[in-house]
Amino acid sequence: QVQLVESGGGLVQAGGSLRLSCAASGSIFSIDAMGWYRQVPGKQRELVASISSGDSTNYADPVKGRFTISRDNAKNTLYLYLQMNNLKPDDTAVYYCKAEYGRIWARNLEVWGQGTLVTVSS
């Protein structure tokens, strides 16, 4: 099993920056791709950025050039980051971390973090 815990959300003015963190624990050796998603009330959750096990990255068009996704292996924890620069009010949402894992066991599994709120004021 894999567990995810997010941190780093908060209130920031437009043009400011925030860095979100997601700490993955448990069977981190089984993690394949990871990603950040966001959701606002009344809308579907949408992909913000993703990173593969080989560190290939993908970004949604609205955040290209402003957000950077990265991952870092520590001893027993895998960290996923989202550096968000030049934030806009439209970036206001609850941000979720997701991990896909289990291919080594011939299974397709996924786990989500609890979400962290990012509010960008104009």
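In this text, all values refer to a predicted model and were calculated from it rather than measured experimentally.

(A) Just the overall build of the protein, in detail. Along the protein, the regular secondary structure elements total 0 helices and 11 strands. Relative to its length of 122 residues, the protein is compact, with a C-alpha radius of gyration of 14 Å against a globular reference of 14 Å. Overall size of the protein, expressed as C-alpha extent along the three principal axes, is 45 × 30 × 25 Å. Of the contacts made within the protein by residues no fewer than 6 positions apart, 56% connect residues no fewer than 24 positions apart. A total accessible area of about 6,600 Å² is found for the protein, and carbon and sulfur atoms account for 46% of it.

(B) Quick peek at the packing of aromatic side chains. Per the counting criterion, the structure on display carries 4 aromatic pairs. Here a set of aromatic residues connected by ring pairs shows up, and it is made of Tyr37, Tyr96 and Trp112. Above the face of the Tyr96 ring, Arg45 is positioned so that its terminal group lies 3.6 Å from the ring centre.

(C) Expanded view of the pattern of salt bridges. Counted under the stated rule, the structure contains 7 salt bridges. Here Arg38 makes a salt bridge to Asp91, at a shortest N to O gap of 2.9 Å. Of the two residues, Arg38 sits in strand 4 (residues 31-39) while Asp91 sits in the loop between strand 8 (78-84) and strand 9 (93-101), which places them 53 residues apart along the sequence. As far as the burial class goes, Arg38 and Asp91 line up, both buried. One salt bridge in this structure joins Asp91 and Arg66, with 2.7 Å as the shortest N-O distance. Taken as a pair, Asp91 in the loop between strand 8 and strand 9 and Arg66 in the loop between strand 6 (57-59) and strand 7 (67-73) lie far apart in primary sequence, 25 residues in all. Within the structure, one salt-bridge network assembled from shared partners comprises Arg38, Glu46, Arg66 and Asp91.

(D) Main features of the state of the cysteines. One pass over the structure, following the stated rule, counts 1 disulfide. Sulfur-sulfur distance for the disulfide between Cys22 and Cys97 comes to 2.2 Å. Because the torsion about its S-S bond is -75°, the bridge between Cys22 and Cys97 counts as left-handed. A residue pair is termed long-range when its members are at least 10 positions apart, and Cys22 in strand 3 (residues 18-26) and Cys97 in strand 9 qualify at 75 residues.

Here is what the cut-offs are and how they apply
- Residues numbered from 1 in each chain as written.
- Predicted model: local features only at pLDDT ≥ 70, side-chain atom pairs only at ≥ 80, totals over all residues.
- Heavy atoms only, no water.
- Helix = DSSP H or I, 4+ residues; strand = E, 2+ residues; numbered from the N terminus.
- Rg over C-alpha atoms; globule rule 2.2 N^0.38 Å.
- Contact = heavy atoms within 4.5 Å.
- Areas by Shrake-Rupley, 256 points an atom, 1.4 Å probe, with all protein chains shown as cover.
- Phe/Tyr/Trp six-rings, centres within 6.5 Å; stacked < 30°, edge-to-face > 60°.
- Lys NZ or Arg CZ within 6 Å of the ring centre and 35° of its normal.
- Salt bridge = Lys/Arg side-chain N within 4 Å of Asp/Glu carboxyl O.
- Buried < 20%, exposed > 50% of the residue type's maximum accessible area, 1.4 Å probe, protein only.
- Disulfide = S-S within 2.5 Å.

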